[in-house]
Amino acid sequence: MDTYSVFTTKWKQLTGVDLTLYKEAQMKRRLTSLYEKKGYQSFKEFAAALEKDQALLNETLDRMTINVSEFYRNYKRWEVLETAILPLIKHSKPLKIWSAACSTGEEPYTLAMLLDQQKSLPGFQILATDIDEKALEKAKKGIYQERSLQEVPSSVKDRYFTQNANRSYEVKAEIKKNITFKKHNLLADRYEQDFDLIVCRNVFIYFTESAKEELYLKMAHSLKKNGVLFVGSTEQIFNPEKFGLAPADTFFYQKR
Ligand SMILES: C[S@@+](CC[C@H](N)C(=O)[O-])C[C@H]1O[C@@H](n2cnc3c(N)ncnc32)[C@H](O)[C@@H]1O
């Protein structure tokens, strides 16, 4: 076994996460820079250290998951969601939505703020999941610095956030109440069913081609008929029909 394989095997035992489903060169680069900084010489040595050191394990988990996010990330796509996609999935019952790999919460909160303004909607419930418990803790608190809010229209900022004394912004309870945050590993855990909309953005890029295909299939399966999958702005699906999906707009795919 080469030394990276020793590491991925140990990592799976310790965390349940299968690193062989993540793009290898990218992951190796990220982890190598961490272990070198910590003074280890090889993946094998690093794996042995992780077994004994919970703090190092947590730090490595942190390095493995890139949590960058912001409200209304790629603003234009959210406009398309509102004007072109929602009319395709509007119906009489509350919408069931999944924000998968939601990181620190900016994405599900953006969704909830956008949907709250749609007066003709019969209501909505958002399940927001990520593999990273630390990111989820921050998401549940819903407190952000101004830099995460750069794309937020001022009317939305005024309506859905309260500004705290230290210049941070907190999402109001009326928005938080629509969202359930939960730990979930996209590569290993069971998927809930019957979603009207799945938003899964800026995480497919980290996975191998075959892992990605498996996820597209499982997500398509989790959607209701006519439900929509919304992916990140570098994550176009080139053969959506293979997964029972049809392009609805750029980066949006509708289940047939
Ligand atoms: C760059 S963030 C994307 C956040 C948000 N969706 C956005 O587009 O702004 C990627 C997230 O994917 C999560 N992630 C990585 N592997 C995962 C897995 N196997 N299952 C669930 N989430 C995962 C990371 O913890 C991280 O929070």
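See the structure printed just above.
In this text, all values refer to a predicted model and were calculated from it rather than measured experimentally. (Residues numbered from 1 in each chain as written. Predicted model: local features only at pLDDT ≥ 70, side-chain atom pairs only at ≥ 80, totals over all residues. Heavy atoms only, no water.)

1. So, the overall build of the protein chain
Scanning the protein chain from N- to C-terminus turns up 10 helices and 10 strands. Against the 2.2 N^0.38 benchmark of 18 Å for 256 residues, the protein chain shows a C-alpha radius of gyration of 19 Å, consistent with a compact globule. Taken along the three principal axes of its C-alpha coordinates, the protein chain extends 60 × 50 × 25 Å. Residues classed as buried in the protein chain amount to 49% of the 256 residues present. Looking at the protein chain alone, contacts between residues at least 24 apart form 72% of all its contacts between residues at least 6 apart. (Helix = DSSP H or I, 4+ residues; strand = E, 2+ residues; numbered from the N terminus. Rg over C-alpha atoms; globule rule 2.2 N^0.38 Å. Buried < 20%, exposed > 50% of the residue type's maximum accessible area, 1.4 Å probe, protein only. Contact = heavy atoms within 4.5 Å.)

2. Remarks on the nonpolar core
Judged by nonpolar contacts, the single largest core of 46 residues is most densely connected at Phe7, Leu19, Tyr22, Leu186, Cys200, Met219 and Leu229. For this core, the secondary-structure elements that each account for two or more residues are helix H1 (3-15), helix H2 (24-37), helix H3 (43-52), helix H4 (54-64), strand S1 (95-100), strand S7 (195-200), helix H10 (209-222) and strand S8 (223-231). With sequence-adjacent residues up to four places away left out, Met219 is seen in contact with Ala100, Leu186, Tyr191, Ile198, Cys200, Phe204 and Leu229. Membership of the second largest hydrophobic core comes to 39 residues, among which are Ile126, Leu149, Tyr160 and Ile179. (Core = buried A, V, L, I, M, F, W, Y, C linked by side-chain atoms within 4.5 Å.)

3. A few points about the site of the ligand
Not every one of the 22 residues close to the ligand is listed here, only the nearest: Tyr22, Ser69, Arg73, Asp130 and Asn202. Asn185 is positioned with one of its side-chain polar atoms (N or O) 2.9 Å from a nitrogen atom of the ligand. Within the complex, 99% of the 600 Å² of free accessible area of the ligand lies under protein. Residues that form the shell around the ligand fall into these classes: 10 nonpolar, seven polar and five charged. (Near = heavy atom within 4 Å. Polar contact = N/O pair within 3.5 Å; in protein donor to acceptor, adjacent residues only side chain to side chain. Areas by Shrake-Rupley, 256 points an atom, 1.4 Å probe, with all protein chains shown as cover. Nonpolar A, V, L, I, M, F, W, Y, C, P; charged D, E, K, R; others polar.)

4. As for the pattern of salt bridges
Enumeration according to the criterion identifies 16 salt bridges in this entry. Linking Asp116 and Arg159 is a salt bridge whose minimum nitrogen-to-oxygen distance equals 3.7 Å. Taken together, the positions of Asp116 in helix H6 (residues 106-116) and Arg159 in helix H8 (residues 154-160) put the pair 43 residues apart, joining distant regions of the chain. Put simply, Asp196 and Lys224 hold a salt bridge, and the shortest N to O gap is 3.3 Å. One end of the pair, Asp196, is in strand S7; the other, Lys224, is in strand S8, with 28 residues separating them in the sequence. (Salt bridge = Lys/Arg side-chain N within 4 Å of Asp/Glu carboxyl O.)

5. Re the sheet that holds strand S3 (residues 143-144)
Strand order in the open sheet formed by three strands is S3-S5-S4, with antiparallel pairing between adjacent strands. Every other strand in the sheet has two partners, leaving S3 and strand S4 (161-163) as the edge strands with one partner each. Judged from the three bridges that link them, S4 and strand S5 (residues 169-171) form a sheet pairing that is antiparallel. Across the sheet, the residue bridging to Phe161 is Val171, located in S5. (Pairing = 2+ DSSP bridges.)

6. What to know about the pairing of S1
In terms of residue burial, S1 counts as a mostly covered element, since five of its six residues are buried. Bridge count for S1 against strand S2 (residues 124-130) is six bridges, and the pairing is parallel. Counted as the bridge partner of Ala100 is Thr129 from S2. Remark: the S1/H6/S2 crossover connection has right-handed handedness. (Right-handed = clockwise from strand over helix to strand, strands pointing away.)

7. A word on the sheet that holds S1
Spatially, the seven strands line up as an open sheet ordered S6-S2-S1-S7-S8-S10-S9, and their pairing is mixed. Strands with a single pairing partner mark the edges of an open sheet, and in this sheet they are strand S6 (179-183) and strand S9 (245-249). Between one strand and the next, the sheet's axes are offset by a mean angle of 20 degrees, whatever the strand orientation. Examined bridge by bridge, S8 and strand S10 (residues 252-255) share three bridges and lie antiparallel to one another. Bridge assignment links Phe230 to a residue of S10, and that residue is Phe252. (Axes fitted to C-alpha atoms, helices over the stretch in contact; angles between N-to-C directions.)

8. Regarding helix H7 (residues 133-141)
Residue pairs three or four apart in sequence face the same way in an α-helix, which turns once every 3.6 residues. Here H7 has its buried residues at Ala135, Leu136 and Ala139. Taken end-on, H7 shows its buried residues confined to a sector of 100 degrees, consistent with a single buried face. Opposite the buried face of H7, by more than 90 degrees, sit the exposed residues Lys134, Lys140 and Lys141. Against H6, S2, S3 and S6 lie the buried residues of H7. The N-cap residue of H7 is Asp132: its side-chain oxygen and the backbone nitrogen of Lys134 are 3.0 Å apart. One or two positions beyond H7, positive phi appears at Gly142, with a value near 70 degrees. (Arc of directions from axis to C-beta.)

9. Remarks on the packing of H3 against H4
Packing of H3 against H4 leaves a shortest axis separation of 6 Å and a crossing angle of 120 degrees. For the pair H3 and H4, contact is made by Phe46, Ala49, Leu50 and Lys52 and by Gln54, Leu56, Leu57 and Thr60, respectively.

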